[in-house]
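Here is how the chains run, residue by residue.
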Amino acid sequence: MTRIHDINCGTLLVPGYPTVVCHCLLLEDPQGVALVDSGIGLLDIQNPLVRVGQPLIDLAGFQFHEHDTAIRRIEALGLKPQDVRHIVLTHADPDHAGGLADFPAAKVHLAAEERAALEVGHWRYLPIQFAHGPQWETYSSSPQTWFGLEAREVALGFEAQVLLIPLFGHTRGHCGVAISQGNRWLLHVGDAYYLKAELTVENHPVDAMATQRADDDRLRRASLEHLRRLSRDHADEIDLIGYHDLTELPR
């Protein structure tokens, strides 16, 4: 069975909000290693002003600690960074894609809509994080469904089935990543919620930030409603985790 490791690949101190993390996943399989999102990268740590820029550092509260990078987390687990063959992106925001350059040989899997937004130079992305020329593998709309949602199968060749689940709104091509684990599923929802409390609390205080950061707030809210349905109706089949909620990162 594909083993899943929860790893923190960054910390953000957003003014006025709780400390948040960059909750990536490491998938360890006989066929290799894959990441779900890549966090803040080693190059970002080494040259933050050039790679990220002071305005975004101040706005998002980026913290730069080398041990909080995917490459160092992988080494700490006794694995080899060169064995990372795949990175599955929920989306390409700077705190999710900064580590891509640390794994230049890895295929980067993402929704076609997200790749299109990168190509047109959307303001929210940092071109320098993609200057190394990632090996993109994009996924367009699919007739396959998963618990009532569209599903796009990711070609990893791992024992676990891995699906991109469109949860658009935060970005144009934002997706969750569903990973099979025996008779259950783990759904990494990316930034479809910031705090897990949003699943049960209407108009949570963090909603204002989520609205501000959304490319399409109507779609973002629809995606959140889908997650509320999954959490309510399929709790015995699906575990949901997000990217930023510190309480969801195992100690």
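Because the structure is predicted, anything quoted here is derived from the model rather than measured.

Trainee: Go over the sheet that holds strand β3 (residues 32–36) with me, naming the residues and quoting the values.
Mentor: Sheet strands pair by backbone hydrogen bonding; their relative direction is either parallel or antiparallel. Strands sit in the order β4-β1-β2-β3-β5-β6-β7 across an open sheet of 7 strands; the sheet is mixed. Strand pairing shows two members of the sheet lacking a second neighbour, β4 (62–63) and β7 (135–139), which therefore form its edges. Summarising the sheet, strand β5 (residues 84–88) and strand β6 (residues 107–111) pair through 3 bridges and their orientation is parallel. Its bridge partner being in β6, His86 is matched across the sheet by Lys107. On the sheet, helix α6 (residues 112–119) packs against β6 and β7 and is oriented at approximately 100 degrees with respect to β6.

Trainee: How would you sum up the packing of aromatic side chains? Please name residues and give values.
Mentor: If you walk through the whole model with that rule in mind, you get 4 aromatic pairs. Judged by centre distance (5.6 Å) and plane angle (80 degrees), the ring pair of Trp146 and Trp185 falls under edge-to-face. Of the two residues, Trp146 sits in strand β8 (residues 145–146) while Trp185 sits in strand β13 (residues 184–188), which places them 39 residues apart along the sequence. Of the two residues examined, Trp146 and Trp185, each falls in the buried class.

Trainee: Describe the sheet that holds strand β11 (residues 162–166), naming the residues involved and giving the relevant values.
Mentor: The strand order β10-β11-β12-β13-β14 describes an open sheet built from 5 strands, whose pairing is mixed. Looking at the sheet topology across the chains shown, the edges are occupied by β10 (152–153) and β14 (238–241). Note that β13 and β14 share 4 bridges and pair parallel. Counted as the bridge partner of His188 is Ile241 from β14.

Trainee: Please provide a residue-by-residue account of the layout of surface pockets, values included.
Mentor: In this structure, the largest pocket spans a volume of roughly 450 Å³. For the largest pocket, the lining is made up of 22 residues, of which Val14, Ala60, Tyr194, Met209 and Arg213 are closest to its centre. Here the lining of the largest pocket is built from residues that sort into 15 nonpolar, 3 polar and 4 charged.

Trainee: Which residues make up the environment of Asn8, and what values go with them?
Mentor: Among the structural elements, Asn8 can be located in strand β1 (residues 3–12). Residues Asn8 and Leu246, 238 residues apart in the sequence, show an inter-C-alpha distance of 9.2 Å. Excluding residues within four positions of it along the chain, Asn8 makes contact with Val21, Cys22, Asp68, Arg73 and Leu249. A polar atom in the side chain of Asn8 sits 3.0 Å from the backbone nitrogen of Cys22.

Trainee: Lay out the pattern of salt bridges with the relevant residues and their values.
Mentor: Considering all chains together, one arrives at 19 salt bridges under this definition. Ionic pairing is found between Asp239 and Arg184, a salt bridge with its closest N-O pair at 2.9 Å. Within this pair, whereas Asp239 is found in strand β14, its partner Arg184 is found in strand β13, the two being separated by 55 residues in sequence. Given a relative accessible area of 37%, Asp239 falls into the partly exposed group.

Trainee: Give me the state of the cysteines: which residues, what numbers.
Mentor: Taken as a whole and assessed by the stated rule, the structure comprises 0 disulfides. Summary of cysteine pairing: Cys9 is not part of a disulfide, and the nearest cysteine sulfur, belonging to Cys24, is at 3.7 Å. With relative accessibility at 0%, the residue Cys9 sits in the buried group. Take Cys22: it sits in no disulfide, and the sulfur closest to it among the cysteines is that of Cys24, at 6.5 Å. Residue Cys22 is classed as buried on the basis of its relative accessible area of 0%.

Trainee: Before we move on, can you summarise the environment of Leu167 with the specific residues and values?
Mentor: Inspection of the secondary structure assignment puts Leu167 in the loop between β11 and β12 (175–181). Given a relative accessible area of 1%, Leu167 falls into the buried group. Taking the C-alpha atoms as reference points, Leu167 and Arg124, separated by 43 residues in sequence, lie 18 Å from one another. The contacts of Leu167, once residues within four sequence positions are left out, are Leu149, His174, Cys175, Gly176, Val189, Ala192, Ser223 and Leu227.

The rules behind each value
- Counting from 1, residues in each chain are numbered in the order their sequence is written.
- Totals for whole chains, interfaces and linings use every residue, but because this is a predicted model, local features are given only for residues with pLDDT of at least 70 and side-chain atom pairs only at 80 or more, for both listing and counting.
- As a rule here, side-chain values come from all non-hydrogen atoms in the structure, and water together with hydrogens is ignored.
- Any two strands between which DSSP finds at least two bridges are classified as paired.
- Only DSSP runs of H or I reaching four residues or more are called helices, and only runs of E reaching two or more are called strands; each is numbered from the N terminus.
- The contact criterion used is simple: two residues touch if any of their non-hydrogen atoms lie within 4.5 Å.
- Simply put, an axis is a line fit to the C-alpha atoms, just over the touching stretch for a helix, and the angle between two N-to-C directions goes from 0 to 180 degrees.
- Pairing of aromatic rings covers Phe, Tyr and the six-membered ring of Trp, with a centre-to-centre limit of 6.5 Å; geometry is then stacked below 30 degrees between planes, edge-to-face above 60, and tilted otherwise.
- Remark: exposure states derive from per-residue accessible area (1.4 Å probe, protein chains only) relative to the maximum for the residue type, with buried under 20%, exposed over 50%, and partly exposed in between.
- Grid points spaced at 1 Å over the protein atoms alone were grouped into cavities, where a 1.4 Å probe fits but cannot get out, and pockets, open sets with protein on both sides within 12 Å along at least five of seven lines, with lining residues defined by an atom within 4 Å of a point.
- Grid points are joined across faces, edges and corners, and a volume is the space filled by probe spheres set on the points.
- Three residue categories are used. Nonpolar comprises Ala, Val, Leu, Ile, Met, Phe, Trp, Tyr, Cys and Pro, charged comprises Asp, Glu, Lys and Arg, and polar comprises the others, including Gly.
- We call two N or O atoms a polar contact when they sit within 3.5 Å, provided that within protein one can donate a hydrogen and the other can accept it, with sequence-adjacent residues counted only if both atoms are side-chain atoms.
- Here, a salt bridge means any side-chain nitrogen of Lys or Arg that lies within 4 Å of a carboxyl oxygen of Asp or Glu.
- The disulfide criterion used throughout: a pair of cysteine sulfur atoms within 2.5 Å.

Functional significance is not addressed by these values, which are geometric in nature.
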